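Take a look at the letters that make up each chain.
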Amino acid sequence: MKGIPNLHEQVLVNTILSEINGKASSILDSFSGWLLGGFGAASALFVSKYDSIVKHLNPSEIQEFLFLFLWSLGVGIIQKFLSMIITAHSQGAAAGRDIGEKYAEKSIMLDFEIILSHMEKSIFPGARWFVKRSFRKLKNGDLVSNTQKQTRLLQVQGFLCLIQAVLVLIAIFRMATSFHN
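To keep things clear, this report deals only with the structure shown in the data block. (Residues numbered from 1 in each chain as written. Predicted model: local features only at pLDDT ≥ 70, side-chain atom pairs only at ≥ 80, totals over all residues. Heavy atoms only, no water.)

**Side note on the packing of aromatic side chains**
Alright, step 1. Summed over all chains, the structure comprises 3 aromatic pairs.
Alright, step 2. Aromatic pair F39 and F65: ring centres 5.1 Å apart, planes at 75 degrees, arrangement edge-to-face. Note that F39 is positioned in helix α1 (residues 7–48) and F65 in helix α3 (residues 59–105), a separation of 26 residues in sequence.
Alright, step 3. Owing to a relative accessible area of 4%, F39 belongs among the buried residues under this scheme.
Alright, step 4. Residue classification places F65 among the buried residues on the basis of a relative accessible area of 5%. (Phe/Tyr/Trp six-rings, centres within 6.5 Å; stacked < 30°, edge-to-face > 60°. Helix = DSSP H or I, 4+ residues; strand = E, 2+ residues; numbered from the N terminus. Buried < 20%, exposed > 50% of the residue type's maximum accessible area, 1.4 Å probe, protein only.)

Quick look at the structure:
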């Protein structure tokens, strides 16, 4: 790889996006955790106090509440997986940037092709096939495409958190409208 076009601009965009992605992903993950924690606590209360709650709610409504919790839990697991990917990418980008700056200060020239080759070899064969296109783009000098992909994953993560919040609100609304003396 000889001379990366717009290198400084690409590094700047990568820095900005990866910092935003890491911080936003962490905030979304925390929000999702709070939603699941509260929803889980309410579900545990419904199950443990079933005999006294069934006097005020129909069993089918409690069951619906628990199904909504399970759906929220499933969405939360996917959200958590995306958060791990985005956070790891963000932290890896920061570490790589710091190490790269130290090498540049010492005027140590690095062979980007060798670095990418070693990184690619560390990935399982099936997963390597999945990320092959990303490595090809990096080798061709497109240093921003992977961070842009992470930004899109962050948007999916945000959408999943929104789905979780809607499920919680639906469950609360259903309980509030179904409650009777």
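**A word on the packing of α3 against helix α6 (residues 145–178)**
Alright, step 1. α6 packs onto α3 with a crossing angle of 165 degrees between their chain directions and a minimal axis gap of 9 Å. Taken together, the axes of α3 and α6 lie roughly antiparallel to each other. Remark: the crossing between α3 and α6 carries left-handed chirality. (Axes fitted to C-alpha atoms, helices over the stretch in contact; angles between N-to-C directions. Parallel < 35°, antiparallel > 145°, perpendicular 65-115°, else oblique. Left-handed = near helix turned anticlockwise from the far one by under 90°.)

**What about the side chain of E61?**
Alright, step 1. Relative to the helices and strands, E61 is located in helix α3.
Alright, step 2. Non-local contacts of E61, meaning those with residues more than four positions away in its chain, are made with R174, M175 and S178. (Contact = heavy atoms within 4.5 Å.)

**Quick notes on the pattern of salt bridges**
Alright, step 1. According to the stated counting rule, one finds 5 salt bridges in the structure shown.
Alright, step 2. Here K23 makes a salt bridge to E19, at a shortest N to O gap of 3.2 Å. In this pair, K23 and E19 both sit in helix α1, 4 residues apart, roughly one turn of the helix.
Alright, step 3. Residue K23 is classed as exposed on the basis of its relative accessible area of 54%.
Alright, step 4. Exposure remark for E19: the relative accessible area of 30% places this residue in the partly exposed category.
Alright, step 5. As a salt-bridge pair, R97 and E19 come within 3.3 Å of each other at their nearest N and O atoms. Taken together, the positions of R97 in helix α3 and E19 in helix α1 put the pair 78 residues apart, joining distant regions of the chain.
Alright, step 6. Counted as one network, the salt bridges with shared partners bring together E19, K23 and R97. (Salt bridge = Lys/Arg side-chain N within 4 Å of Asp/Glu carboxyl O.)

**Some remarks on a positive patch on the surface**
Alright, step 1. Positive charge collects at one region of the surface, where K132, R133, R136, K149 and R152 lie side by side.
Alright, step 2. Put simply, the parts of the chain that give the positive patch at least two residues each are α5 (125–139) and α6.
Alright, step 3. Residue position: K149 is located in helix α6. (Patch = residues over 30% accessible without salt bridge, like charges linked within 9 Å, V, L, I, M, F, W, Y side chains within 5 Å. Areas by Shrake-Rupley, 256 points an atom, 1.4 Å probe, with all protein chains shown as cover. Lys, Arg positive; Asp, Glu negative; His and termini not counted. Charge placed at Lys NZ, Arg CZ, Asp CG, Glu CD.)

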